[in-house]
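Observations on the model geometry
So you can see what is in the structure, the chains are spelled out below.
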Amino acid sequence: MKISVVIPCYNSEATISKVVKMVIEELTKREYDYEFVLVNDFSKDNTFGKIRELAEEDSRIIGLDLMRNFGQHNALMAALNHTTGDYIVGMDDDMQTHPSQLPKLIEKLEEGFDVVYGVFPSQKNSAFRNLGSKFNEVTSRIMLGRPKSIRSSSYWIMTRTVRDEVVKYTSFNPYLQGIIFRTTHNIGMVEVEHFKREEGTSNYTLKKLINLWLAYWNYSVIPLRVSFFLGLGSCGIGILSAIIIIIKKILTPDMPIGWASTLCVMVVFSGLILLMLGVIGEYLGKVLMCMNNTPQFIIREALNLPGRDER
């Protein structure tokens, strides 16, 4: 049994070596063969230098250095394209998805699941991040078709079969959970302990979180349907308001009709029109980016990757 461990790395100079060595310790105790694919997503520190040191110590550690910051999910796709294991594990570089919890995921997957998520009973995040996670949970269920009983996280394990389907997706803006949910619903969960980040703070700003959420739109037409029903509803309100005003004018001929109410109606309807145009524009923009062959990732340098296809 060979297990591939994929880790997107960003400014993790202080932690990545410890993460890798602890994972190796857990896997060798259980006599698993292993490989690592560590992807440096254009870090500002010496993260790739640390990856180089690890690759020199162990030929089963593959290092990929991206030419710019593509984002966590693009880095994961770069890693998945270079895995050869029977099981593939995804985890973070900051010790929050702790190596000591890895056996739980492996044991759960061996019950017959295609994918297993390590979910946290309590998270060591801020109230803002926890609120965002709840919003993500609800919207992913609606837009991505995520099974209601399943929670997801950045700590997961999948079979080789699922991995082979996932890497067929080549769009510039991937969202890994969305690809998984459209591939299989044979998904399990296991509770794992959520450890505190050992160094620094989260690299996800509000802007990055919003951009990540917008990636949902690659896998759903729900926003277009919502805009349709908003337009339909506002049109109905407008017609109803016009009928009421006409009836009142007939019953009360001297009733003044002011510009203020007219202006309010115009503002509301104009806002709805712009909202719907924005939704359509978001989809058209994504189509344009795909047609322009915007790359999912570009590798500047690869370590311990002889004779493999690269993009």
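The paragraphs below set out a description of the structure included in this document. For clarity, every value in this text was computed on a predicted model and none was experimentally measured. (Residues numbered from 1 in each chain as written. Predicted model: local features only at pLDDT ≥ 70, side-chain atom pairs only at ≥ 80, totals over all residues. Heavy atoms only, no water.)

**Some thoughts on helix α1 (residues 16–29)**
Counted at 1.5 Å a residue, the expected span for α1 with its 14 residues is 20 Å, and the 20 Å between its end C-alpha atoms agrees. Looking at the buried positions of α1, the neighbouring elements they touch are β1 (2–9), β2 (33–40), α2 (47–57), β3 (61–66) and α4 (102–109). Directly after α1, the chain includes Glu31, whose backbone phi takes a positive value near 60°. (Helix = DSSP H or I, 4+ residues; strand = E, 2+ residues; numbered from the N terminus. Expected span 1.5 Å × (residues − 1). Contact = heavy atoms within 4.5 Å.)

**Looking at the pairing of β1**
Most of β1 is tucked away: seven of the eight residues are buried. The pairing of β1 with β2 spans eight bridges and is classified as parallel. Bridge assignment links Val5 to a residue of β2, and that residue is Phe36. Crossover β1 to β2 through α1 is right-handed. Pairing of β1 with strand β4 (residues 87–90), which is carried by four bridges, proceeds in the parallel orientation. Residue pairing in the sheet places Ser4 in a bridge with Ile88 of β4. (Buried < 20%, exposed > 50% of the residue type's maximum accessible area, 1.4 Å probe, protein only. Pairing = 2+ DSSP bridges. Right-handed = clockwise from strand over helix to strand, strands pointing away.)

**A few points about the packing of aromatic side chains**
Overall, the coordinates contain two aromatic pairs when judged by the stated rule. Between Tyr34 and Phe36, the ring centres sit 5.8 Å apart and the planes meet at 75°, which makes this aromatic pair edge-to-face. We note that Tyr34, like Phe36, is buried. With a centroid separation of 6.4 Å and an interplanar angle of 55°, the aromatic rings of Tyr117 and Phe181 are classed as tilted. With Tyr117 in strand β5 (residues 115–119) and Phe181 in helix α7 (residues 176–183), this pair connects stretches of sequence that are 64 residues apart. Each member of the pair, Tyr117 as well as Phe181, carries the same accessibility label: buried. (Phe/Tyr/Trp six-rings, centres within 6.5 Å; stacked < 30°, edge-to-face > 60°.)

**Re the packing of α1 against α2**
With their axes 9 Å apart at the nearest point, α1 and α2 run at an angle of 30° to one another. Overall, the two elements α1 and α2 adopt an arrangement that is roughly parallel. Touching Ile16, Ser17, Val20 and Lys21 of α1 are Lys50, Leu54 and Glu57, all from α2. Of the residues that constitute the contact of α1 with α2, the class distribution is three nonpolar, one polar and three charged. (Axes fitted to C-alpha atoms, helices over the stretch in contact; angles between N-to-C directions. Parallel < 35°, antiparallel > 145°, perpendicular 65-115°, else oblique. Nonpolar A, V, L, I, M, F, W, Y, C, P; charged D, E, K, R; others polar.)

**Here's the deal with the nonpolar core**
Counting 34 residues, the largest nonpolar core has Val5, Ile7, Leu27, Phe36 and Leu38 as the members making the most contacts within it. With six residues, α1 is the largest single contributor of residues to this core. The contacts of Ile7, once residues within four sequence positions are left out, are Ile16, Val19, Phe36, Val37, Leu38, Val39, Met91, Asp92 and Asp93. One finds Met158, Val166, Leu176 and Leu305 within the second-largest nonpolar core, a separate group that totals 32 residues. (Core = buried A, V, L, I, M, F, W, Y, C linked by side-chain atoms within 4.5 Å.)

**What to know about the sheet that holds β3**
Judged by pairing direction, the sheet is mixed, and its eight strands sit side by side in the order β7-β5-β6-β4-β1-β2-β3-β8 without closing on themselves. In the strand order of this sheet, the two ends are held by β7 (187–191) and β8 (299–303), each with one partner. With direction set aside, neighbouring strand axes in the sheet form an average angle of 20°. As paired strands, β3 and β8 are joined by four bridges and run antiparallel to one another. Paired with Gly63 across the strands is Leu303, a residue of β8. Contacts from α1 reach β1, β2 and β3, with the element oriented near 165° to β2. Sheet contacts for α7: β5, β6 (156–159) and β7; angle to β5, the most-contacted strand, approximately 135°.

Bear in mind that shape data such as this cannot, by itself, settle questions of function.
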